[in-house]
Amino acid sequence: MPTTLSGSSLLTPALWELEEEAVYVIRETAAQFERPALLFSGGKDSIVLAHLSRRAFAPGPIPFPLMHVDTGHNFPETIEFRDKLVKELNVNLIVRYVQDSIDAGLVQEETGPNRSRNSLQTVTLVQAIQELKLDACIGGARRDEEKARAKERFFSHRNTRSQWDPKNQRPELWNLYNGRKNKGEQFRVFPLSNWTELDVWGYIQAREIEVPSLYFSHVRPVVLREGGYLAHTEFLIPIEDEQPETLHVRFRTIGDATCTGAVISHAETLEEVIAEIAASRTSERGTRVDDKRSETAMEDRKAKGYF
């Protein structure tokens, strides 16, 4: 049945169905698992998940924590927004740091101008899952993002080492989600599986959800590298003769600042962002440098325990 929190009348029937589906999956997660957590990146998808979780359990509190795996190379706006949202939702936040994994010798920092800590998150995440004995991690992945994501189920099984095997997924018929597992096994849960990028933005607009300013056009120094623009930050190692430019840009996806590409844009409002995305022929993850390392970059990381 419809949830009780008030919302904008702009919620279309299609968005209402997606909302109800996601709320149902989130409630099923809380019902079937003992120690779930919501993986929070500070990006639009995890923000929507946090708001859907509040809606799922209103007027009660969200019954699981948010967990952020901090690379140490985040945009300052992301961390500021994360802390503000956690306070607004009155939810427990767990933060684990990639730097701690580096210091402990569990992972080795990449070198060179194209170094990134994005893939190093996997070890930190798996370690946190084992430490906290989490049996389900709710994530904001959507099937339209990338071909490896399209193979996921709503309840995506992981073995005792958090590894994913696309051939070992359970059928999901008639909205029946199978959370049965052996000791030490876990699940990733993806309530937004059937959403598209435009659905997410339409929902943000309809429910009047605040998102970081990074998603809207702003003036920022960037460098052109391998056909895409990267933010010129303290984390970016310059290449000889590479000169930063100050341009009007925004980000379609938010992650590690060393691999999250910007797009040239003058879209300053939700309406303008939505119109721009609708006209774009490039996927949002087309701006992610880490996804371009190989044709199977995402699937390789997921097989090792990535989000």
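Rules of the game
Residues numbered from 1 in each chain as written. Predicted model: local features only at pLDDT ≥ 70, side-chain atom pairs only at ≥ 80, totals over all residues. Heavy atoms only, no water. Pairing = 2+ DSSP bridges. Helix = DSSP H or I, 4+ residues; strand = E, 2+ residues; numbered from the N terminus. Axes fitted to C-alpha atoms, helices over the stretch in contact; angles between N-to-C directions. Salt bridge = Lys/Arg side-chain N within 4 Å of Asp/Glu carboxyl O. Buried < 20%, exposed > 50% of the residue type's maximum accessible area, 1.4 Å probe, protein only. Polar contact = N/O pair within 3.5 Å; in protein donor to acceptor, adjacent residues only side chain to side chain. Contact = heavy atoms within 4.5 Å. Phe/Tyr/Trp six-rings, centres within 6.5 Å; stacked < 30°, edge-to-face > 60°. Core = buried A, V, L, I, M, F, W, Y, C linked by side-chain atoms within 4.5 Å. Parallel < 35°, antiparallel > 145°, perpendicular 65-115°, else oblique. Nonpolar A, V, L, I, M, F, W, Y, C, P; charged D, E, K, R; others polar.

Sorry if this is basic, but what is going on with the pairing of strand β9 (residues 245–250) here?
Consecutive side chains of a regular strand alternate in pointing toward one face of the sheet and then the other. Sheet topology note: the strand β7 (residues 218–225)/β9 ladder contains 5 bridges and is antiparallel. Opposite R220, over in β9, you have L247 as the bridge partner. Sheet analysis places β9 next to strand β10 (residues 261–264), joined by 2 bridges and oriented antiparallel. Directly across from V249, in β10, lies its bridge partner I264.

In this structure, what is going on with the sheet that holds strand β3 (residues 93–97)? I would like to understand it.
Sheets are built from strands that pair by backbone hydrogen bonding, the pairs being arranged parallel or antiparallel. The strand order β3-β2-β1-β4-β6-β5 describes an open sheet built from 6 strands, whose pairing is mixed. Of all strands in the sheet, those bounded by a partner on one side alone are β3 and β5 (155–158). Pairs of neighbouring strands in the sheet enclose a mean axial angle of 30 degrees, with direction left out of account. Where β5 lies against strand β6 (residues 186–189), 4 bridges are found, and the strand directions are antiparallel.

What should I look at first to understand the pattern of salt bridges in this one?
Working definition: two side chains of opposite charge can pair if their charged atoms are close together. Inspection of the entire model under this criterion finds 15 salt bridges. Between E19 and R207 there is a salt bridge, and its shortest N-O distance comes to 3.0 Å. Highlighted residues: E19 in helix α1 (residues 13–32) and R207 in the loop between α6 (197–206) and β7, separated in sequence by 188 residues. R207 matches E19 in its accessibility class, with the two residues each being buried. A salt bridge links E197 to R252; its shortest N-O distance comes to 2.7 Å. Of this pair, E197 sits in helix α6 while R252 sits in the loop between β9 and β10, placing them 55 residues apart in sequence. R252 carries the same exposure label as E197, and that label is buried.

Before we go on, may I ask you to explain the side chain of N74 in this structure?
Positionally, N74 belongs in the loop between β2 (66–70) and α3 (76–89). Judged by its relative accessible area of 11%, N74 falls in the buried class. Looking at N74, its side chain comes within polar contact range of the side chain of D70, at 2.4 Å. Excluding residues within four positions of it along the chain, N74 makes contact with H68, I79 and F235.

Please clarify how α6 should be interpreted in this entry.
Structurally, the α-helix is built with 3.6 residues per turn, so residues lying three or four positions apart point the same way. By the criterion of burial, α6 is predominantly enclosed, with 7 of the 10 residues buried. Listed in full, the buried residues belonging to α6 are E197, V200, W201, G202, Y203, I204 and A206. Looking at the buried side of α6, the elements it contacts are α1, α2 (44–57) and α7 (270–279). Count one or two residues on from α6 and you reach E208, which has phi positive near 55 degrees.

Looking at this structure, how should I read the packing of aromatic side chains?
To describe a pair of aromatic rings, one takes the distance between the centres and the angle between the planes. Evaluation of the coordinates by the stated rule reveals 11 aromatic pairs. For the pair W201 and Y215, a centre-to-centre distance of 5.3 Å together with 80 degrees between the ring planes defines the contact as edge-to-face. Taken as a pair, W201 in helix α6 and Y215 in the loop between α6 and β7 lie far apart in primary sequence, 14 residues in all. For the pair W201 and Y215, a shared accessibility class is recorded, and that class is buried. The rings of Y24, F33, F154, F155, Y177 and F187 are connected pair by pair, giving a single aromatic cluster.

Help me understand the nonpolar core, please; the structure alone is not making it clear to me.
Ranked by internal contacts, the top residues of the largest apolar core, which has 58 residues, are V48, L52, F155, W195, W201, Y203 and I204. For this core, the elements supplying multiple residues, two or more each, are α1, α2, α3, β4 (136–138), β6, α6 and α7. Not counting residues up to four positions away in its chain, the partners in contact with I204 are K44, V48, I209, V211 and L270. Counting residues in hydrophobic clusters, the runner-up holds 15 residues, among them A37, M67, I94 and I102.

Looking at this structure, how should I read the packing of α1 against α6?
When two helices pack together, their arrangement is given by the angle between their axes and by how far apart the axes lie. Their axes nearest at 10 Å, the elements α1 and α6 cross at an angle of 95 degrees. In this view, α1 runs roughly perpendicular relative to α6, as classed from their interaxial angle. Contacts between α1 and α6 involve L15, L18 and E19 on the former and, on the latter, D199, G202 and Y203. Of the residues in the contact of α1 with α6, the class split is 3 nonpolar, 1 polar and 2 charged.

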